[in-house]
Amino acid sequence: MSLRSKIHSHKSIAESFLSLSILNVLNVFLPFITLPYILRVVGAANYGIYSYVYVLIQYLMLINAYGFNLSATKQISQHREDKHQVSVIYNSVIVCRIILLAVGILFFLILSPFLLESESKRLMFLMGLGIVLGDLLNPVWLFQGFEKMRYMTIVNIISKTLFTILIFFVIRTADDYIYILLINSCGFILAGFISTIIAKKQFDIKFFIPSINDIRFQFKSGFALFGSTIGTNLYSNANIFILNFFVSESAVGVYAAAEKIIKGLQMSTSPITQALFPFFSKDFHNKSLRYQLDKLTKIVKLFVLILIVPNVVIFFGAELLVRIFCGPSGYDESVLLVKIMSPVFLLGTLNYLLGVIGLVNLNKQIYFFQGVLLSGIISIVFLIFAVPYFGIKAASMAIPLSELVLLIALIYCFIKIRKSEGAR
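Given the structure is predicted, the values throughout are model-derived calculations rather than measurements.

About the criteria used
- Residues numbered from 1 in each chain as written.
- Predicted model: local features only at pLDDT ≥ 70, side-chain atom pairs only at ≥ 80, totals over all residues.
- Heavy atoms only, no water.
- Helix = DSSP H or I, 4+ residues; strand = E, 2+ residues; numbered from the N terminus.
- Buried < 20%, exposed > 50% of the residue type's maximum accessible area, 1.4 Å probe, protein only.
- Areas by Shrake-Rupley, 256 points an atom, 1.4 Å probe, with all protein chains shown as cover.
- Phe/Tyr/Trp six-rings, centres within 6.5 Å; stacked < 30°, edge-to-face > 60°.
- Lys NZ or Arg CZ within 6 Å of the ring centre and 35° of its normal.
- Arc of directions from axis to C-beta.
- Salt bridge = Lys/Arg side-chain N within 4 Å of Asp/Glu carboxyl O.
- pLDDT = per-residue confidence, 0-100.
- Axes fitted to C-alpha atoms, helices over the stretch in contact; angles between N-to-C directions.
- Parallel < 35°, antiparallel > 145°, perpendicular 65-115°, else oblique.
- Contact = heavy atoms within 4.5 Å.
- Nonpolar A, V, L, I, M, F, W, Y, C, P; charged D, E, K, R; others polar.
- Expected span 1.5 Å × (residues − 1).
- Bend = angle between axes of the 7 residues up to and from the residue.
- Left-handed = near helix turned anticlockwise from the far one by under 90°.

**A few points about the overall build of the chain**
Scanning the chain from N- to C-terminus turns up 17 helices and zero strands. The burial tally for the chain puts 55% of its 424 residues in the buried class. About 18900 Å² of surface is accessible on the chain, with carbon and sulfur atoms providing 70% of the total.

Spelled out as structure tokens, the structure:
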């Protein structure tokens, strides 16, 4: 590779990292404003109800996203110079997601009498469908594939700012909690429409109905990744879902607040990891297995050294974090929950590096799926049996447990790959 090519490659990473960093600051800063206000106005019980319905919306988003955020990103990255092929990928993925949305809505409508037992929950779910529609129209995978994350950042700044403003205007009493998902929907739909315009103007996307073969190809290419993604999200979002059947709505709200803090902090590493995925996808192309494994090993070791210190800070600063995000009173139990979940900050990032950036780019995503399936089953089984004894603490234990099991499984996979392939 020439010096000019190297500079261009690292320039793309730097641009993606900067854009995602700005977005990440936004993702951390805006909840710093809205979360304490929401918790204070609606209370722990109503926040627990909102969190439960939002988990169902996230599951619907998960079905709709399939494995496209990884499979389509990889395809765009490898075909970015072919405008026609990029349009084929774009339209095929959008049509696939429309089909999945219709199937997903039908599935949840059938199960709604069991999952959404009250009228208010059903109303909230309907209000939240705009989140899924907006996410469908927002081709993050297109921006990632081109390593033009600034567009995603611009779109998200607009939508999240709108959400923040509307929260203070609409959520004024405890009963207004039913409108939080509607406000979310407004932000997502706006982001989706703006993203569609950007796709047309900036990437010269041509809109057309793709062939059946192209649609079938996208479903096939994203299937293994869908299994891994849905496995990860099923158990990572299952805690609130399962707790809903065992503990009070107030207890669910206390746990949801702690989980929100940990997941928000975990997102601080996403600018780097998300920027690395398309770069490694392109860099690993036609390279030897030894080169791929050695480079990945160096990155993992570097992340371990970087993340250990902030992980310790999160553990000992749990009380301060809860006071900042949840307010001065009413969420004391969340402090212990944050401490229990703190290892997720390091473990989750390492699993993304090994599973997504590593196995997916090595075309070994089946190993990732197997690891996720194993850790997910262990997590859910543990949670179901432990909740009656430990309450919401069991949910906090389940998350680091699942991440640790997944990490061990992924390390075993890489050892197996190196031995079986001979690291040629």
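Read on, since the account is not over.
**Things to note about the packing of aromatic side chains**
Enumeration according to the criterion identifies 16 aromatic pairs in this entry. Ring centres of phenylalanine 107 and phenylalanine 108 lie 5.5 Å apart, and the angle between their planes is 90°; on these two criteria the pair is classed as edge-to-face. A ring pair is formed by phenylalanine 108 and phenylalanine 125, whose centres lie 5.6 Å apart and whose planes are at 35°; its orientation type is tilted. With phenylalanine 108 in helix α3 (residues 83–115) and phenylalanine 125 in helix α4 (residues 119–137), this residue pair connects regions lying 17 residues apart in the sequence. Phenylalanine 125 carries the same exposure label as phenylalanine 108, and that label is buried. Among the aromatic residues, those joined into a ring-pair cluster are Tyr52, Tyr59, Phe241 and Phe245. Directly above the aromatic system of phenylalanine 315 lies the positively charged group of lysine 339, at a separation of 5.5 Å from the ring centroid.

**Some thoughts on helix α13 (residues 318–326)**
Ala318, Leu321, Val322, Phe325 and Cys326 are the residues of α13 that are buried. Along the axis of α13, the buried positions cluster into a sector of 100°, meaning they face one direction only.

**Comments concerning the pattern of salt bridges**
Across all of its chains, the model carries nine salt bridges by this definition. Where arginine 323 meets glutamate 319, a salt bridge forms, and the shortest distance between an N and an O atom there is 3.8 Å. Remark: glutamate 319 and arginine 323 occur in helix α13; sequence separation between them is four residues, near one turn of the helix. Given the relative accessible area of 28%, arginine 323 is considered partly exposed. Among the charged side chains, a network of salt bridges with common partners joins Lys83, Asp204 and Lys206.

**Focus: the confidence of the model for the chain**
Here the chain shows a mean pLDDT of 83. Residues at 70 or above account for 84%. Put simply, helix α11 (residues 270–283) is where the chain has its lowest mean pLDDT, 67, and α4 is where it has its highest, 92.

**Concerning the environment of methionine 152**
Structurally, methionine 152 can be placed in helix α6 (residues 149–170). Judged by its relative accessible area of 5%, methionine 152 falls in the buried class. Spatially, the C-alpha atom of methionine 152 lies 9.8 Å from that of tryptophan 141, the residues being 11 residues apart in sequence.

**Section: the packing of helix α10 (residues 249–266) against α13**
In contact at an axis separation of 10 Å, α10 and α13 are set at 105° when each is read in the N-to-C sense. Classified by the interaxial angle, the pair formed by α10 and α13 is roughly perpendicular. In this structure, α10 uses Ala257, Ile261 and Leu265 to contact α13, whose residues at the interface are Leu321, Val322, Phe325 and Cys326. Partitioning the contact of α10 with α13 into residue classes produces seven nonpolar, no polar and no charged.

**A look at helix α12 (residues 289–316)**
Across its 28 residues, α12 extends 41 Å between first and last C-alpha, which sits within 8% of the 40 Å expected from 1.5 Å per residue. Along its length, α12 reaches its greatest deviation from straightness, about 35°, at leucine 307, and the proline proline 310 lies no more than four positions downstream.

**Some thoughts on the packing of α10 against helix α14 (residues 333–341)**
At a minimum axis separation of 9 Å, α10 and α14 run at an interaxial angle of 40°. By the angle between their directions, the pair α10 and α14 is classed as oblique. Relative to α14, α10 is oriented so that their crossing is right-handed. Contacts between α10 and α14 pair Val254, Tyr255, Ala257, Ala258, Glu259, Ile261 and Ile262 from the former with Glu333, Ser334, Leu337, Val338 and Met341 from the latter. Of the residues assigned to the contact of α10 with α14, the class counts are nine nonpolar, one polar and two charged.

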